Amino acid sequence: MIEGARSSRAKCKSCRKKIEKGVLRLGVLIEGPYGVGYLWHHLTCAAKRRLDDVEAAYEREAWNEAKEPPEDVPSIEDMRKLNEEAEEKREQRKKIPFVEVDPSGRAKCKYCGELMEKGSLRVVLGREIEFGSQFRTMPIHLHGLCVASEIEKVDCSTRSEGFEHALRQNSHGLSEEQIESVLKDIGELPEDPEDPETEDAPPF
Ligand SMILES: [Zn+2]
Ligand SMILES: [Zn+2]
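These numbers come from a predicted model, not from an experiment. (Residues numbered from 1 in each chain as written. Chains lettered and ligands numbered in written order. Predicted model: local features only at pLDDT ≥ 70, side-chain atom pairs only at ≥ 80, totals over all residues.)

A. View of the overall build of the protein chain. Check the secondary structure of the protein chain and you find 6 helices and 6 strands. The N-to-C order of helical and strand elements in the protein chain reads β-β-β-α-α-α-β-β-β-α-α-α. Rg of the C-alpha trace for the protein chain: 24 Å, well past the compact-globule value of 17 Å for 204 residues, more than 25% over. Projecting the C-alpha coordinates of the protein chain onto the three principal axes gives extents of approximately 80 × 45 × 35 Å. A buried classification covers 23% of the 204 residues belonging to the protein chain. (Helix = DSSP H or I, 4+ residues; strand = E, 2+ residues; numbered from the N terminus. Rg over C-alpha atoms; globule rule 2.2 N^0.38 Å. Buried ≥ 20, exposed ≤ 12 C-beta atoms within 10 Å, placed from the backbone.)

B. Region of interest: the domain arrangement of the protein chain. For the protein chain, the assigned domains read domain 1 (2-89) and domain 2 (94-195). One C-alpha centre belongs to domain 1, the other to domain 2; they are set 38 Å apart. (Domains from an automatic or database assignment.)

C. Layout of the sheet that holds strand β4 (residues 98-101). Taken together, the 3 strands give an open sheet; going across it, the order is β4-β5-β6, and neighbouring strands pair in antiparallel fashion. At either end of the open sheet lies a strand with only one pairing partner, and these are β4 and β6 (134-142). Averaged over all neighbouring strand pairs, the angle between strand axes comes to 40°, with direction disregarded. Two elements, strand β5 (residues 121-131) and β6, share 9 bridges in a ladder whose sense is antiparallel. (Pairing = 2+ DSSP bridges. Axes fitted to C-alpha atoms, helices over the stretch in contact; angles between N-to-C directions.)

D. Representation of the sheet that holds strand β2 (residues 24-32) within the structure. One open sheet accounts for 3 strands, arranged β1-β2-β3; its pairing is antiparallel. One side of each edge strand has no neighbouring strand; the edge strands of this open sheet are β1 (2-4) and β3 (35-42). Each strand of the sheet is rotated relative to its neighbour by a mean of 40°, with strand direction disregarded. Of the pairings in the sheet, the one linking β1 to β2 comprises 3 bridges and is antiparallel in character. Counted as the bridge partner of Glu 3 is Arg 25 from β2.

E. Local environment of the environment of Leu 183. With respect to the helices and strands, Leu 183 occurs in helix α6 (residues 176-186). For the pair formed by Leu 183 and Arg 60, sequence separation is 123 residues and the distance between their alpha carbons is 47 Å.

F. Representation of unusual backbone geometry within the structure. That bond from Ile 96 to Pro 97 is cis: its omega, 0°, falls within 30 degrees of zero. Phi angles above zero are rare outside glycine, and Glu 61 is one such case at about 50°.

G. How the structure looks around the pairing of β5. Here β4 runs beside β5; their pairing, made up of 4 bridges, is antiparallel. Along β5, the bridge assignment pairs Val 101 with Leu 121.

H. The arrangement of the environment of Glu 71 in detail. Take Glu 71: it is sitting in the loop between α2 (51-59) and α3 (76-93). Through-space distance from the C-alpha of Glu 71 to that of Glu 3 is 9.3 Å; in sequence the pair is 68 residues apart.

Given below as structure tokens:
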């Protein structure tokens, strides 16, 4: 069901904040121990985190299930756009380095320039890019086999030290075997260059 909240009592199951009266909300019907009831989400939160439910609700025009159907419901295109933006943000928040499954088969390895196969495992490292006077770390995709060569470059912001630990920590949704196979491809990493700032000061 999609409706304007009839009170301010329900909390959004996505963001855990109160859904203020009148704000559009999506009710997901569930069967609990006390019978059938709705779990509520802000419509916008649902669009960001559970677009499938929103798509389904729009398909059956779920606003007609409300006692007082809301007068104005945003378009499904707006909902999809919200989801896309949220997806991008989640992407940016991912910690580098990590392993992921190549989703498209259209990206090239930033070290060797070859296309990476759809469904294959790829490693994401950071590369320092200068924007005006600022440096920013951009995620770059690589074959496991190309990691050791990339990490030696001066503009690579990922370090060898603690690499394996970080990779295991940051890679989600993969099996132990998948991580192991990538680590095998990566092999031994070169030692990090010494950081000039932490070198001992020259004797006077
Ligand atoms: Zn919410
Ligand atoms: Zn490569």
